[in-house]
Structure formats: C-alpha cells, structure tokens
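Report on the structure
Here is how the chains run, residue by residue.
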Amino acid sequence: AGSPIDQIDVLLAQIRQELVDQQASDDEANRTNQANCESLLAQFDQDRRYHAQERDNAQTRLVETTAALEQAEKDLAATITAIGVNARRLEEGQNQRDAQRREYLVRNDDYETAIKAVDEASTLVQHLRSGSSFAQLKGRFQRVQSQFSESMKNSKHSHLYTPIIASLTQLAAKADQEQVKKILALLADLRSNLVSNKASDQATEEQQAADWARLRADLEAERESLLSRRQSLESAIETYRRIIVESQEAIEYHTVEYEKANDNWNNEFEQCQVLSRQYILVTQARSRELDIISRLIEHFETKLRGLKEYMIERL
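Once a new chain begins, its residue numbering starts again from 1 and follows that chain's sequence as written. Confidence filtering applies because this is a predicted model: local features only for residues at pLDDT of at least 70, side-chain atom pairs given and counted only at 80 or more, and all residues used for totals across whole chains, interfaces and linings. Side-chain numbers come from the whole structure's heavy atoms, not from hydrogens or water.

1. Details of the pattern of salt bridges
- What makes a salt bridge here is a side-chain nitrogen of Lys or Arg within 4 Å of a carboxyl oxygen of Asp or Glu, nothing more. Counted according to the given criterion, the structure contains 17 salt bridges.
- Where Glu-73 meets Arg-241, a salt bridge forms, and the shortest distance between an N and an O atom there is 3.1 Å. Here the residue Glu-73 occupies a position in helix H1 (residues 4-129), and Arg-241 occupies one in helix H4 (residues 177-314), the gap between them amounting to 168 residues.
- Think of it in three bands: with a 1.4 Å probe and only protein chains considered, a residue is buried below 20% of the maximum accessible area for its type, exposed above 50%, and partly exposed in between. Taking relative accessible area as the criterion, Glu-73 reaches 33% and is therefore assigned partly exposed.
- With a relative accessible area of 47%, Arg-241 lands in the partly exposed category.
- With a closest N to O distance of 2.9 Å, Asp-291 and Arg-295 form a salt bridge. Of this pair, Asp-291 and Arg-295 both sit in helix H4, separated by four residues, roughly a single helical turn.
- With relative accessibility at 40%, the residue Asp-291 sits in the partly exposed group.
- Here the residues in one salt-bridge network are Asp-45, Arg-48 and Arg-49, joined through shared partners. Counting from the N terminus, the helices are the DSSP runs of H or I reaching at least four residues and the strands are the DSSP runs of E reaching at least two.

2. Comments concerning the confidence of the model for the protein
- Every residue gets a pLDDT, meaning the predictor's confidence in that residue, from 0 to 100. Residue-level pLDDT values for the protein average 84, and 77% of them are 70 or greater.
- Looking across the protein, the model is least confident in helix H3 (residues 158-173), with a mean pLDDT of 55, and most confident in H1, with 90.

3. A short note on the side chain of Arg-48
- Assignment of secondary structure puts Arg-48 in helix H1.
- Contacts described as polar in this section are N or O atom pairs within 3.5 Å, which, within protein, must combine one atom able to donate a hydrogen with one able to accept it, while residues neighboring in sequence count only if both atoms come from side chains. A distance of 2.7 Å separates a polar atom in the side chain of Arg-48 from a polar atom in the side chain of Asn-262.
- Here a residue-residue contact requires only that any non-hydrogen atoms of the pair lie within 4.5 Å. Leaving out residues up to four positions away in the same chain, Arg-48 has contacts with Tyr-258, Ala-261, Asn-262 and Trp-265.

4. Regarding the state of the cysteines
- Cysteine sulfurs are considered disulfide-paired once they come within 2.5 Å of each other. Scanning the model with the defined rule gives one disulfide in all.
- Each disulfide pairs two cysteine sulfurs, and for Cys-37 the partner residue is Cys-272, the sulfurs being separated by 1.8 Å. Classification of the bridge connecting Cys-37 and Cys-272 rests on its S-S torsion, roughly -105°, and on that basis the disulfide is left-handed. Of this pair, Cys-37 sits in helix H1 while Cys-272 is found in helix H4, placing the two residues 235 residues apart along the sequence. Comparing Cys-37 with Cys-272 shows no difference in burial state: the two are buried.

5. A word on the packing of aromatic side chains
- The aromatic pairing rule takes the rings of Phe, Tyr and Trp, using the six-membered ring of Trp, and pairs them if the centres are within 6.5 Å, calling planes under 30 degrees apart stacked, those over 60 edge-to-face and the rest tilted. The final tally for this structure, using the stated rule, is one aromatic pair.
- Positioned above the aromatic ring of Tyr-258 is the side chain of Arg-55, whose terminal nitrogen or guanidinium carbon lies 5.0 Å from the ring centre. For a ring to carry a charge above it, either NZ of a lysine or CZ of an arginine must fall within 6 Å of the ring centroid while also lying within 35 degrees of the normal to the ring plane.

6. Quick word on the nonpolar core
- In plain words, nonpolar cores are sets of buried Ala, Val, Leu, Ile, Met, Phe, Trp, Tyr and Cys residues tied together by side-chain atoms within 4.5 Å. Membership of the largest hydrophobic core is limited to 12 residues, which are Tyr-111, Ala-114, Ile-115, Val-118, Ala-121, Val-125, Val-180, Ile-183, Leu-184, Leu-187, Leu-190 and Leu-194.
- Elements that contribute at least two residues to this core include exactly H1 and H4.
- Counting residues in hydrophobic clusters, the runner-up holds 10 residues, among them Ala-58, Leu-62, Leu-76 and Ile-244.

7. Observations regarding the side chain of Arg-97
- Relative to the helices and strands, Arg-97 is located in helix H1.
- Classification of Arg-97 by relative accessible area gives buried; the value is 7%.
- At 3.1 Å, the side chain of Arg-97 and the side chain of Gln-100 are in polar contact.
- In this structure, Arg-97 is in contact with Glu-205, Gln-208, Ala-209 and Trp-212, ignoring residues within four places of it in sequence.

See the structure below:
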C-alpha cells in the first residue's frame, strides 16, 4: 500500500479521468444535439417557406381569378344584352318581311284583277267593233267600269283609268270606230303599265325576300355565336367561382400550417439554445474542476517528491 499522499494522488487522478470522460460524453451528446437541431430547424424552415409560398400563390391566384370573374360577369351581361338585341332584330325583321309579303300579295292581286278587267274591257270593245250592240254587253260593261273605279282608288295609275272610264261611258251613247280605236289604245297602254309595274313589284319582292334571307342567316349565325359565348362564359364563371373558393381555403390552410411550422421552428430553436447554454455552462464548470484537480495533483506530486528526497537524505 502506498503512503497517504500516494493514495490521494491516485484518487485525484481517478477524479480527473472521470471528469475527462464526462466531458467527452457531453461533447458527443452536444454534437448529436447540434446535428438534430440543425436537421429539425432546416425541416421546419423548409415547411415554413413551403406554406408561405403556397399561401402567396393562392393569394395571387385569388386576386387574378377575382378580376377574371368580374370581367367574365361583365362580358356575360353584355352577351345576354346582345342576345336580346339579336332576338328583337330577328323578330322585327321577320315582322317587316311578313308585312312586305302581305302588301305585295295584295298589290299583286290588285294588278291581276286590274289586268283581267282591262282584258275584259278590250274584249267587249272588240265585240262592239265587230257589230255587237251595247245593249247586249251592257251588264258586262258595267262590271268592268265598277272594277276600274275600284282599282283606281288604290292605284298610282289613276290618271290612266280616268279617260278609259270616260270613254266607256261615251260608248254607251255612241260606239263609232274612232272612239273604239281610242279606247283600245288606252286599254293597251294601261295594260302595259300594269304588267310592267306588276313585274317591277315582283322583282322588288324577290329582292326584299333575298335581302331578308341573307340578313336572317347573318342574325341566326350571330345568335348561335352569342349563345355559344354565353355558354362558355357561364362555364368560365362557374370555374372561376370554384377556384376562388379553393384559393380562399388554400390561403386559410397554408396560413395555419405556416404558423404551426413557425411555432415548431421557434420552439426547436429555443430548445436548442437551452441545450447549448447548458452544455457551455457544464463545460465551463467542468473545466474549472479539472483545473483545480490538476493543480491539486501537481501540488501533491510536488510534496511527494520532497518527502522522497527527505527520506533518501535521512537514510
């Protein structure tokens, strides 16, 4: 067994080794803690940045889609108005065309009636020219005069009817050849005008019908285009509204998740700071203990050498 000083020296050496071993263990634990902290902080920061970016993306999408929705709703309102205008133009145009057609049919019927009356009158005058008596043809002459009088009311050729009616009246009193020739010429002139105007009216009617057919085709094509546009806009508006709801939900979700990730980062950072401070304090305290132990060991070793030298001198 050694001297008491030797025993103290051995004990101090053991204590110092334990402190060194404890420090090595704490150093390893600190390196592990630092690695864990860095990994978790990086993960929480990544989560935080991801949710912040997604929140910002959703916010941008919300603003852009809201603007697109407002524009689409304006375009839809304008399209619905245009559809109404188109419908009115179709209805008014068709009404106008129907009125033109009715007026044409009435005029055409008047022309045909007048031409038949002229032909009848020419036939009667030819009978007189051939020797028939006015008395035999009186009833037919009266009907023709009545038809001429009626036709004259609605005709722009009234100036042509007037001398014919007057001549027919004169024939009742005297049917000479000059009078007959004169009235036949007047009837031929009237018939020519009636036929010409009937043909002109028919050409106008055909042109109006063709014009309306083209305009109606254009209006119907415009209507189909407007209806298609309305359908597209309604579909787009439905999509925009769904995107807006989804964007609002995304903003809310990622805001909450960002706060969670931020709280996780802050809590982890604080915990890491606490562990780091604890490690520093423990290390500093242990360093002081090691310094004290080392000085004690040095002190006892010095005393032990002095004692050994003393013993040697005494011997």
